[in-house]
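Understanding the architecture of this molecule
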Amino acid sequence: MIKCKTSKAIGGMGHSVKRKEDARFIQGKGNYVDDVKLPGMLYMDIVRSPYAYAKIKSIDASKALEIPGVVAVVTGKDLEKYNLHWMPTLMSDTQMVLPTDTVMYQAQEVAAVIATSRYIARDGKEAVIVDYEPMTPLMDPHKSLDADAPLLRPDKKDQTNNHIWHWDVGDKEATDKAFDNAEVVVKQHMYIPRIHVASIETCGCVASYNKVENHLTMYMTTQAPHAIRTVIALVAGHVGLTEEKIRVISPDIGGGFGGKVPVYPGYVIAIAVSFLTGAPIKWIEDRSENLQADSFARDYHIDVEMAGTKDGKIQATRFKVLADHGYTDASANPSKFPTGLFSIGTGSYDYGTAFMEADAVYTNKPPGGVAYRCSFRVTEAVHAIERITDIFAKEIGKDPAQLRFENFIKKEDFPWKSPTGWEYDSGDYEAGLRKAMDAVEYEKLRAEQAEKRKEGKLMGIGISTFTEVVGAGPSKDFDILGIKMFDSAEIRVHPTGKAIARFGTKSQGQGHETTYAQIVAEELGIPYEHVQIEEGDTDTAPYGLGTYASRSTPTAGAAAAVAARKLRDKAKKIAAYLLEVSEEDLEWEPGKFFVKGAPDRAKTIQEIVFAAYTNHPPGMEAGFEATHYYDPPNLTFPSGAYICVVDIDNETFEIKVRRFVAIDDCGNIINPMIVQGQVHGGLTQGIAPAMYEELIYDEQGNILNGTFMDYLVPTAVESPNWETGHTITPSPHHPIGAKGVGESPTVGAPPAIANAIVDALSVYGVTHMDIPITPYKIWKKLKEMGKI
Amino acid sequence: MHEIKFKVNGVEQIASVESRLLLVHLIRENLSMTGTHIGCDTSSCGACTVLIDGKSAKACTILAVQANGKDITTVEGLATAEGLHPIQEGFKEAHALQCGFCTPGMMLRAVELLEKNPNPTEEEIRWGISGNLCRCTGYNNIVKAIQYAGAKIRGEEVPSTEPEFV
């Protein structure tokens, strides 16, 4: 059980209080963007390219415009008049809003139809005739730098080929030397395929420009409303739409997972059309558009190598990445880190020296940020290190758990400097793995596996002991388009002792309305039920960079604690005044200050706040509110130990996940129920890429599974019963000792599953399989190996 | 245009609709009841699930004209003057929702499931809701919520919904 400092009624940290936001969601009273309906609103639908790479010879909208109810058809040429046909991306690249001459990926936006209803807009879309001259697309990133490859970004000055950037980190010389002298070297090529977040709500907006006031209200599915407001101001400032005239409202969001961070052309077109017509414009993607054109994740081709001794001391790792970024740079910003936080790749281990390098290239695949419940490339890195660790263990004939124990960073070695430059804040990896092994009864399973193998049955056990890196981030290192990645909280306590708190983040299901209230309750003793939480309205909330990459608790959660502590300092002064003692004589317990040694002489927080409005000390500012912009001193480093057990049918190769035990360490826990829920959901988003999901393109650039009929989001049947638990290693630098958690399971689960499947198939001599691992892929592999 | 008469959550409605209008748009746009959601265009996700004469159906796959003479229940019709429906209570108690977008459809599907099978096994629940996608919860707690609601409807003691996060 988690120890709580506050009573259940106050509901501070550690209490599994029920969620405040649920009441509206279970009664159909959520307010998602497609629920927004404004007077005079018009609907927008988008004509998209059937080709991955083609010249646009002409666009004929005349038939569409003849349809009663079609108001306008907007093309790139129309936007060009206002210089709105290109836009900056959050990844410091540029992207077409609508093309004037060339389309660069299948499903690219080509024209927008504006109409009086959703149905008429769709009719209009069908009636727009676009004449294309198809060209051969560049779909294989390995061919991006070939001499005969088409130059995909002639619009960019100085771009003479399709290379975007090269990045490296670590000690190349020492690493190469370690490899040259090592007793054992293993290497593996692995492809982490392109996948899609597929939040159940797609993206959309209602852009409402008021000509009289020169004011834009933008309701949109965005995880980062404040940053979006700034981006809109940067794009549209030249037509007079300046930042104070822009209000971004992010209403309830039906799942984000990073896919609702980028600015999509649809948003910009909607704004432009609303600006020109003065009518509110609603644009809601359908699912196929969402899967085919929106932000993707992964698409990393990785060569990973490991060097060590025969008895299992790892001495060096080496990573080489080819990153397929599609049509625009899909760097996982923050600006300084083109590969995001891929350099966490040495994981939970003291693996000696390391060197990593990556090259990113353009192809004719859709652009975007890199979103899938881990935007910063940690998943790719963790997959590589956890897989190669197992491959090394197999090579030297050591149990993979034992190899991990022997190479873990020790609990007492924190803060720990990684060979790629991170300072891990805290961790106890051994305790996590020990707990997971006990829960799953590891030794017994290995014995069972040995028996099963005698009977010719395929059973596998896979481990992943990962370290995550979240909470971007410290201003010295982290910015997006120059804006530092702090986050904010503003707490205002009303005279009767009830509070409202506003944040620069934006929940998409994480339960901020509950957990942030619990942080305020923890620090001020005001019951969480009486702390109202608001996010997502840029007119009212303090500026922040939003919710993604498990950053809300590490940044805005910290801001809430610090702002509340400012208020507690003020409360102490008021209490001292009211009790006529000095501040030093006062002691705090959640909800009140009392005189040391005389607990009856006390003032509750409610009495103190009331006094702040009715009887504040002379010379003190009245009122009771505080704001804090929290600039974290370091990232937080959550970790986990996952063990997966699979049974594979030795004729059909159907894979059954028999058990999956996940022990997570996210530091101090605000609400165990919510953390557990985050872990469950993340695990299902871990099994998804491990066994089911992949965006597949053919050579012509056609997406082969661009609908929910064939992009296989796991149902309750594919998703096993997750077994979860935790260890607690507080973050030493975070005000409440918390770390992020949302991404951890998505990062940690795929290699546990892949390791289990490969372990099962190791009887055939299989040492690696790329995810997603399907029965067909297993059959194919064994067939190729001549084993069946 | 076609004149249709139907009931939504017990209230008689009359609407004049195009032949092609989908039931989900009739509910969301014409009646402004936005609790029923749209998550895909292939009848795969189940976010639009409603009850038609007590049977769960994906409202994105049914034409509004097919609702003529039918009795429809949406999420807005689950709670009564006495309070929340047991399935709503179960979802809240068991933390079976996060973003809330799939929740109305998932709950309505579960209502029919429990009517047909008042005491389903975990496997029966998982197969029973396999036409509804949830991207947030990993389904563990949805299974629990349905078990909770089942017990409540049967008049039995409800199972613990404390997190097993040990």
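Residues numbered from 1 in each chain as written. Chains lettered and ligands numbered in written order. Predicted model: local features only at pLDDT ≥ 70, side-chain atom pairs only at ≥ 80, totals over all residues. Heavy atoms only, no water.

Focus on the domain arrangement of chain B
Residue and element names in this part refer to chain B. Looking at the assigned domains, one finds that chain B contains domain 1 (2–77) and domain 2 (86–154). Once you take the C-alpha centre of each, domain 1 and domain 2 turn out to be 21 Å apart. Facing the 18 residues of domain 1 at the interface are 13 residues of domain 2. Both sides of the domain 1 and domain 2 interface together cover about 1,200 Å² of buried area, and 60% of this is carbon and sulfur. By the criterion of area lost to domain 2, the three top residues of domain 1 are H37, T49 and V75, representing 36% of everything that side buries. There are zero salt bridges connecting domain 1 and domain 2. Linking domain 1 with domain 2 are seven residue pairs in polar contact (both at pLDDT 80 or more), by the criterion used here. (Domains from an automatic or database assignment. Contact = heavy atoms within 4.5 Å. Buried area = accessible area lost by both parts, 1.4 Å probe. Salt bridge = Lys/Arg side-chain N within 4 Å of Asp/Glu carboxyl O. Polar contact = N/O pair within 3.5 Å; in protein donor to acceptor, adjacent residues only side chain to side chain.)

Overview of empty space enclosed by the protein
Residues and elements named next belong to chain A. If you walk through the whole model with that rule in mind, you get ten cavities of 30 Å³ or more. If you add up the space inside the largest cavity, you get close to 520 Å³. Where the lining of the largest cavity is concerned, the elements lending two or more residues are α13 (512–524), α14 (552–579) and α16 (672–692). The residue inventory of the lining of the largest cavity, partitioned by class, reads 14 nonpolar, 19 polar and four charged. (1 Å grid on protein atoms, 1.4 Å probe; cavity = no way out; pocket = protein on both sides within 12 Å on 5 of 7 lines; lining within 4 Å. Points joined across faces, edges and corners; volume = space filled by probe spheres on them. Helix = DSSP H or I, 4+ residues; strand = E, 2+ residues; numbered from the N terminus. Nonpolar A, V, L, I, M, F, W, Y, C, P; charged D, E, K, R; others polar.)

Focus: the nonpolar core
Within the largest apolar cluster, 171 residues are counted, with the highest numbers of intra-cluster contacts made by M218, I648, F660, I757 and I778 of chain A. Inspection of this core shows a minimum of three residues originating in each of domain 1 (22–30 + 487–630) and domain 2 (422–471 + 635–788) of chain A. Excluding residues within four positions of it along the chain, I778 of chain A makes contact with I648, F653, I655, I757, L761, M769 and I773 of chain A. If you look at the next biggest cluster of nonpolar residues, it comprises 53 residues, including A371, A688 and A716 of chain A together with I125 of chain B. (Core = buried A, V, L, I, M, F, W, Y, C linked by side-chain atoms within 4.5 Å. Buried < 20%, exposed > 50% of the residue type's maximum accessible area, 1.4 Å probe, protein only.)

So, the domain arrangement of chain A
Residues and elements named next belong to chain A. Annotation of chain A at the domain level lists domain 1 (22–30 + 487–630) and domain 2 (422–471 + 635–788). The gap between the C-alpha centroids of domain 1 and domain 2 is 39 Å. Domain 1 puts 19 residues into the contact, and the matching count from domain 2 is 17 residues. Both faces considered, domain 1 and domain 2 share a buried interface measuring about 1,300 Å² in area, 63% of it formed by carbon and sulfur atoms. On the domain 1 side of the contact with domain 2, S550, T553 and P554 bury the most area, a combined 35% of that side's loss. The tally of links from domain 1 across to domain 2 stands at zero salt bridges. Linking domain 1 with domain 2 are seven residue pairs in polar contact (both at pLDDT 80 or more).

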